[in-house]
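This is what each chain is made of:
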Amino acid sequence: MTGGLFITGTDTGVGKTSVCCHLVRGFRKMGLDAVGMKPFACGDREDAMALDDANGGCVDLGLVNPVWLRVPAAPYTASLVENRVLDVSTAQDACRVLREKHDLVVVEGVGGWRVPLTDQLCMSDFAVELGFPVVVVVANRLGALNHARLTVDAVQQRGLSVAAILWNDVLGGQPDTARVTNQGVFEQWKPGEFHAQVEFGATCLSDGLLEAILLRIGKNESRACESQ
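The rules behind the values
- Residues numbered from 1 in each chain as written.
- Predicted model: local features only at pLDDT ≥ 70, side-chain atom pairs only at ≥ 80, totals over all residues.
- Heavy atoms only, no water.
- Core = buried A, V, L, I, M, F, W, Y, C linked by side-chain atoms within 4.5 Å.
- Buried < 20%, exposed > 50% of the residue type's maximum accessible area, 1.4 Å probe, protein only.
- Contact = heavy atoms within 4.5 Å.
- Pairing = 2+ DSSP bridges.
- Helix = DSSP H or I, 4+ residues; strand = E, 2+ residues; numbered from the N terminus.
- Axes fitted to C-alpha atoms, helices over the stretch in contact; angles between N-to-C directions.
- Expected span 1.5 Å × (residues − 1).
- Left-handed = near helix turned anticlockwise from the far one by under 90°.
- Phe/Tyr/Trp six-rings, centres within 6.5 Å; stacked < 30°, edge-to-face > 60°.
- Right-handed = clockwise from strand over helix to strand, strands pointing away.

**Q** Account for the nonpolar core, naming residues and giving values.
**A** Membership of the largest hydrophobic core comes to 71 residues, with the highest contact counts inside it found for Phe6, Leu23, Phe27, Phe40 and Phe126. When neighbours within four sequence positions are excluded, phenylalanine 27 is seen to be in contact with Leu5, Leu32, Ala34, Leu104, Val106, Leu210, Ile213 and Leu214.

**Q** Explain the sheet that holds strand 6 (residues 134-139) to me, using residue names and the numbers behind them.
**A** In spatial order, the strands read 2-5-1-6-7-8; together these six strands make up an open sheet with parallel pairing. On the outer flanks of this sheet lie strand 2 (34-37) and strand 8 (195-198), each paired with one strand and no other. Strand-to-strand, the axes of this sheet are offset by a mean angle of 25 degrees, without reference to chain direction. As judged from the four bridges shared by strand 7 (residues 162-168) and strand 8, these two strands associate in the parallel manner. Bridge pairing links leucine 166 to alanine 196 in strand 8. Across the sheet, helix 5 (residues 88-101) lies against strand 2 and strand 5 (104-108), angled at about 170 degrees from strand 2, the strand it touches most.

**Q** So what's going on with the environment of phenylalanine 132? Residues and values would help.
**A** With respect to the helices and strands, phenylalanine 132 occurs in the loop between helix 6 (123-130) and strand 6. Overall, phenylalanine 132 belongs to the buried group, its relative accessible area being 2%.

**Q** Report on helix 1 (residues 16-29), specifying residues and quantitative values.
**A** A rise of 1.5 Å per residue sets the reference length of helix 1, with its 14 residues, at 20 Å; its end C-alpha atoms lie 20 Å apart and thus fit the reference within 8%. Among the 14 residues of helix 1, ten are classified as buried, and the element is accordingly described as predominantly covered. Listed in full, the buried residues belonging to helix 1 are Lys16, Thr17, Val19, Cys20, Cys21, His22, Leu23, Val24, Gly26 and Phe27. Phi turns positive one or two residues past the end of helix 1, at glycine 31, with a value near 105 degrees.

**Q** Which residues make up the packing of helix 5 against helix 6, and what are the values?
**A** One way to put it is that helix 5 packs onto helix 6 with a least axis distance of 11 Å and a crossing angle of 35 degrees. The way helix 5 lies across helix 6 gives a crossing that is right-handed. Here Val88, Ala91, Gln92, Cys95 and Arg99 of helix 5 come into contact with helix 6, specifically with Phe126, Glu129 and Leu130.

**Q** Talk me through the packing of aromatic side chains; I want residue IDs and the actual numbers.
**A** The final tally for this structure, using the stated rule, is four aromatic pairs. Consider the rings of phenylalanine 6 and tryptophan 113, whose centres lie 6.2 Å apart with planes at 75 degrees: the pair is edge-to-face. Placement of phenylalanine 6 in strand 1 (residues 4-9) and of tryptophan 113 in the loop between strand 5 and helix 6 is noted, with a sequence separation of 107 residues between them. A relative accessible area of 1% places phenylalanine 6 in the buried class.

**Q** Lay out the pairing of strand 5 with the relevant residues and their values.
**A** Within strand 5, five of the five residues are buried, which leaves it mostly tucked inside the rest of the structure. Burial along strand 5 is two-sided: Leu104, Val106 and Glu108 and Val105 and Val107, pointing in opposite directions, are all buried. In the sheet, strand 1 pairs with strand 5 via four bridges, with the strands oriented parallel. For isoleucine 7, the partnering residue across the bridge sits in strand 5 and is glutamate 108.

**Q** I'd love a proper account of the pairing of strand 7, names of residues and values included.
**A** Burial of strand 7 is extensive: seven of the seven residues sit out of reach of the surface. Where the polypeptide runs from strand 7 across helix 8 (residues 177-189) and back to strand 8, its parallel neighbour, the crossover connection is right-handed.

These values are about where atoms sit, not about what they do.
Written out as structure tokens, the structure is:
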């Protein structure tokens, strides 16, 4: 059983925050005390505020987003520009506090899997320290197969399990050949993984998708035991 999920993406702007919010709202609707957080934010704080809203305001914004840099760049770059040391320990402590108080913590990474936090640490190192199963959000478009394969392989090479690969339609409109076939082709490479589509402009995730993710991280068994 796990106390959380880590959400990474194949790039920045692939829909990680919206997926995180959908997961938190969906799990809470199902009766789990789930909360979302974004340990590191760079630029504005809109993502953190969206997660705060998904949490229903039950978590202080300082825990939802414990480390905020104002420069819109990778955390390491932003910290250099702001002439400050990125406080990784504060983010780790916030994750620990939330994990102790809640059933499930949905942690949104910043950028992609290997975005630098310091001159020594990447986002992937932070995720490995948490040890949570990973949801990979893929921007479903031309080029996604390469980005998805690199990300999923990198996650698994660090010893973490992949709870889901979510093919997020970020373009809308009439899909081209790549968008129609990406998931099917990838499933041939990774037949044992759980894949799902997220429609363009989706306002929620299906109960079936949420249940499948809970099953893969062992939370369904927990909920069943609690209801007996």
